[in-house]
Amino acid sequence: MSMSAQEEQANIGKVLSFLRQWDRGGRRVRSCMLNTFLTKNTGKTCYELELEFAQVASLFLARLTTWMRLTYMFGTCLGLQLKALGIFLSISSHDQYLMEFLEDGGVLTLLDILSHAQSKEEDKAEALHLLLTVSNAGCKYREIICESCGVKVIAECLAKSNAEETQESKLKTINHSIVEPLLNMLTSLQLDVQDEAINLMLDLRSYDVRPVLLSGLVALLRPTNEAIQEHRNTEVLSEAEMIKMTGSLPVFEQQAAAAKAIRMLAEEDHELSQELLSLGVIQNLLYAMGNREHIEAQIQASLALAHFVRSLPAIEEHMQRLLGSTLFAAFMHKPETLYMNMDEIQAEILLSNKVNITEALDGEKNSEG
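Below is a summary of the structure that appears in this document. Predicted, not measured: the structure shown is a model, and the values here were computed from it.

## Points about the overall build of the protein chain
Part 1: Assigned secondary structure in the protein chain consists of 24 helices and zero strands.
Part 2: Burial status across the protein chain gives 49% buried among its 369 residues.
Part 3: Within the protein chain, contacts between residues at least 6 apart in sequence are counted, and of these 71% link residues at least 24 apart.
Part 4: Here the protein chain has roughly 18500 Å² of accessible surface; of this, 51% comes from carbon and sulfur atoms.

So, in structure tokens, the structure goes:
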């Protein structure tokens, strides 16, 4: 229902009075105003919120964001500030508020809250929830978080959080908000970015995010037929054009980078190595080794597989039976050159392999026991 001119004028006067009261008010007054705001506006649409604020809700959002940025280190009404911001950011049908929040440095402030030693656990959980809201808004918003070193800050926050004090159910959700950015970092072709991601992975020892990331890496070794066909259709594009079109590296470059990341993780941490084995990494590395369309994927998969064979002798028998004694000997001597000694039939055997090393792993554990 549209307002009459007189009603609109009265509403504008009410909003201006509200903003003046905010500007002149201290902590107690603003706290009371935020409580009222939360009660009246939780769950409203963008249209309803703009109607309530005479089409200038952005003026209050700017004030709220600025106040939080100036006072978060003191914890002044931080919980209320974050909840009020959540009303603006959770309006999924309109990204106006989200863009204004980002332009005012909102993401950096949320990350600062996570890094601040004096921040309460419940405030960190609320800040994480808002970062998840930003992340879920789309790829460009996740990129802003990444460019702000957000993945590192979030991972360190999760690693340091006291699980008994932090809202565990919320953290489980938040854990998954860093999966895609961190997976992109793990499969980056830039060595420094990939190294940073490896270190972050090693810090995330006790969180649900790690198995999800490892599963994601293993899956990248064996792209779907649809992804392979799309790759073949776009081979004429440059890497930069491909990233712009699909939001990620070409599928075979991802395969190679994933194999390299898996080797680096397995070399650094025996526990991670065991987790990867339980996820079927051997079968998928063999598949990548058989990919004659991409030499780098074959090389990285061979190097990764060689690490697992040398660290777990029980796998050796499977590899020798699959590759044959001659090819296996060449593989063990210099794994990075295996692709040179492989013919089309041998590559097809690797692509169609059904290797399952569960029994070998169980036998290894029993012998250790």
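Read on, since the account is not over.
## A look at the packing of aromatic side chains
Part 1: Going through the model one piece at a time under the given rule, you end up with eleven aromatic pairs.
Part 2: Their ring planes at 15° and their centres at 5.7 Å tell us that Phe37 and Phe88 sit as a pair that is stacked. Of this pair, Phe37 sits in helix H2 (residues 27-41) while Phe88 sits in helix H5 (residues 78-89), placing them 51 residues apart in sequence. You'll find Phe37 and Phe88 in the same group, each marked buried.
Part 3: Plain terms: the ring middles of Phe60 and Phe88 are 6.4 Å apart, the flat faces sit at 50° to each other, and that makes the pair tilted. Of this pair, Phe60 sits in helix H4 (residues 57-71) while Phe88 sits in helix H5, placing them 28 residues apart in sequence.

## Examining the side chain of Asn41
Part 1: Looking at where Asn41 falls in the secondary structure, it is placed in helix H2.
Part 2: Take Asn41: its relative accessible area is 2%, and that puts it in the buried class.

## Here we look at helix H21 (residues 316-323)
Part 1: Inspection of H21 places His318, Met319 and Leu323 among the buried residues, and these make up the whole buried set. Projected down its long axis, H21 shows its buried positions confined to an angular sector of 110°, all on one face. Projecting away from the buried face of H21 at angles above 90 degrees are the exposed residues Glu317 and Arg321.

## With respect to the nonpolar core
Part 1: Within the largest apolar cluster, 53 residues are counted, with the highest numbers of intra-cluster contacts made by Val281, Ile282 and Phe308.
Part 2: Considering each element in turn, this core owes the most residues, seven residues, to helix H17 (residues 251-268).

Criteria and thresholds
- Residues numbered from 1 in each chain as written.
- Predicted model: local features only at pLDDT ≥ 70, side-chain atom pairs only at ≥ 80, totals over all residues.
- Heavy atoms only, no water.
- Helix = DSSP H or I, 4+ residues; strand = E, 2+ residues; numbered from the N terminus.
- Buried < 20%, exposed > 50% of the residue type's maximum accessible area, 1.4 Å probe, protein only.
- Contact = heavy atoms within 4.5 Å.
- Areas by Shrake-Rupley, 256 points an atom, 1.4 Å probe, with all protein chains shown as cover.
- Phe/Tyr/Trp six-rings, centres within 6.5 Å; stacked < 30°, edge-to-face > 60°.
- Arc of directions from axis to C-beta.
- Core = buried A, V, L, I, M, F, W, Y, C linked by side-chain atoms within 4.5 Å.

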